[in-house]
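Chain and residue survey
Given next are the chains, with one letter for each unit.
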Amino acid sequence: MPLFRYKALNARGEVLDGQMEAASDREVAQRLQEQGHLPMEARLASEGGGRSWRALFKPRPFAGQRLVQFTQQLATLLGAGQPLDRSLTILLELPEDEAAKRAIADIRDAVRGGSALSTALDRQHGAFGKLYVNMVRAGEAGGSLHETLSRLADYLERSSAMKGRVLNAMIYPAILLVMVSLSLLFLLGFVVPQFAAMYDSLDAPLPWFSGLVLGAGMFVRDWWIVLLVVPVLALWWFDRKLRDPAFRAAFDEWILHRRFAGPLVAKLETARLARTLGTLLRNGVPLLTALGIARNVLGNRALAADVDAASELVRNGAGLSGALGRGRRFPRLALQMVQVGEESGALDAMLLKTADTFEQETSLALDRMLAALVPVVTMAMAAIVGVVIMAVLTPIYDLTNVIG
């Protein structure tokens, strides 16, 4: 039998990482469930830790807004009194994507065969994340599946909106920087060498800064391919290095200590953690299990390490706010709000309020950064172009004065 590597959560919220021989990844997940664990990942040991190009371009049946719509529609049908298998049959006719239809049909058939919805979702090879599956399982145990799905849809929609705001804030500056760089390369590599050839034919003396700019133009003309390839290779190297856990942890720690990026990343990750924890707790998921799930939504490894350490402290009886504050990386306001939630017995509500607060602060910070970045880049481009034009035209002006 092939050897599979797996990750799972036990009943105490601890992450288990091990190997198992099985006929398929589905059998691995089934065995882990029988042992009382929550499967997180199961893959062939021979595949290694990286993502293959085939997996990268493999279509996902549920992602982004499609997952939100599926959750909302299922919650609406269940809330209207429709049985689960009937609701899934209705939803089977809605998606146009064949992969989504096959996934829904597989879920419906599993439910008709006696499986719980959470179990059927868990068998979809990662199409539904562990957070999704855990919330559905909690809703089934509490007898309020449609309410749980409604909250889950709201969580997914808010998370998607937050991610969209971050991406939208980054897209325009990124495009502007690329266009500025390409324009500068064209100016130096094509326009400036024309003037350099003319000045060589005239054998005229040049000011030092004109000679510097003309030399830069000749370098760009002769080595433009290197100037394009080197950044691409640097990005490729950096992406490979980020897959090294030690380098990624050190880089994430470094980011948190930067003056502008650090507070923004901390607020964004705090909002994600608070939203996930609050939603899980509100739906009846135990705190330790919720911490084990929520730490995986964090992109910053340093903050995720703080959550891991906090889980151990909470397991030993410490309060959540004090445990998260040990690492001194999460914002103080968030820790104070969590402490208030613990003292008032409304931790889930206060976590969701914390998420609202930091999402608003993050959105405001991104808007301010974008408002400042665009003029700065534009003015820098104008200054560079002005210097190049002055360096090129000043010798002509001097020659004109001499001739005159």
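Our subject is the structure listed above.
Attention here is on the structure that accompanies the text. (Residues numbered from 1 in each chain as written. Predicted model: local features only at pLDDT ≥ 70, side-chain atom pairs only at ≥ 80, totals over all residues. Heavy atoms only, no water.)

A short note on the packing of helix 10 (residues 245–256) against helix 13 (residues 301–315)
Using the following cut-off: The axes are straight lines fitted to the C-alpha atoms, using for helices just the contacting stretch, and the angles between their N-to-C directions are given from 0 to 180°. Secondary structure elements follow DSSP: runs of H or I of four or more residues count as helices, runs of E of two or more count as strands, with numbering from the N terminus. Any angle that falls under 35 degrees is termed roughly parallel, while one over 145 is termed roughly antiparallel, one within 65 to 115 roughly perpendicular, and all others oblique. Contact criterion: two residues are considered in contact whenever any of their non-hydrogen atoms come within 4.5 Å of each other. Think of it as three bins: nonpolar holds Ala, Val, Leu, Ile, Met, Phe, Trp, Tyr, Cys and Pro, charged holds Asp, Glu, Lys and Arg, and polar takes everything else, Gly as well.
Where helix 10 meets helix 13, the closest approach of the two axes is 7 Å, and the angle between their N-to-C directions is 100°. The angle between helix 10 and helix 13 places the two elements in the roughly perpendicular class. Here Pro245, Arg248, Ala249, Asp252, Glu253 and Leu256 of helix 10 come into contact with helix 13, specifically with Arg301, Ala302 and Leu303. Here the contact of helix 10 with helix 13 is built from residues that sort into five nonpolar, no polar and four charged.

Observations regarding the layout of surface pockets
Convention followed: Both site types are read off a 1 Å grid over the protein atoms alone. A 1.4 Å probe that fits but cannot get out defines a cavity, while an open set with protein on both sides within 12 Å along at least five of seven lines defines a pocket; lining residues have an atom within 4 Å of a point. Grid points are joined across faces, edges and corners, and a volume is the space filled by probe spheres set on the points.
By volume, the second largest pocket is sized at about 790 Å³. Taken together, 28 residues line the second largest pocket, and the ones lying closest to its centre are Met170, Ala261, Leu264, Val265 and Leu366. Of all the secondary structure elements, the ones that give two or more residues to the lining of the second largest pocket are helix 8 (145–202), helix 10, helix 11 (261–282) and helix 16 (347–403). Taken together, the residues of the lining of the second largest pocket sort by class into 19 nonpolar, three polar and six charged.

Some remarks on the packing of aromatic side chains
Remark: the centre distance and the inter-plane angle together describe each pair of aromatic rings, the angle taken between the planes. For clarity, the cut-off: Stacked, tilted and edge-to-face are the three classes applied to pairs of Phe, Tyr and Trp rings, where Trp contributes its six-membered ring and a pair requires centres within 6.5 Å; stacked means planes under 30 degrees apart, edge-to-face means over 60, and tilted covers the rest. Categorising residues by exposure relies on relative accessible area from a 1.4 Å probe, with only protein chains included: less than 20% of the type maximum marks a residue as buried, more than 50% marks it as exposed, and the intermediate range marks it as partly exposed.
Overall, the coordinates contain seven aromatic pairs when judged by the stated rule. Here the aromatic rings of Phe238 and Phe247 are separated by 6.1 Å at their centres, their planes lie at 80°, and the arrangement is edge-to-face. Owing to a relative accessible area of 27%, Phe238 belongs among the partly exposed residues under this scheme. For the ring pair Phe238 and Phe251, a centre distance of 5.1 Å and an interplane angle of 75° mean the geometry is edge-to-face. Residue Phe238 is located in helix 9 (residues 208–242), and its partner Phe251 is located in helix 10; the two are separated by 13 residues in the primary sequence. One aromatic cluster is present, built from ring pairs that chain together Trp237, Phe238, Phe247, Phe251 and Trp254.

Here's the deal with the pattern of salt bridges
Which entries qualify depends on this criterion: In the sections that follow, a salt bridge refers to a side-chain nitrogen of Lys or Arg positioned within 4 Å of a carboxyl oxygen of Asp or Glu.
All told, the structure shown has 13 salt bridges when counted by the stated rule. When the shortest N-O distance is used, the salt bridge between Asp252 and Arg248 registers 3.0 Å. With Asp252 and Arg248 both in helix 10, this residue pair falls four residues apart, about one helical turn. Each of Glu253, Asp306 and Arg329 takes part in a single network of salt bridges with overlapping partners.

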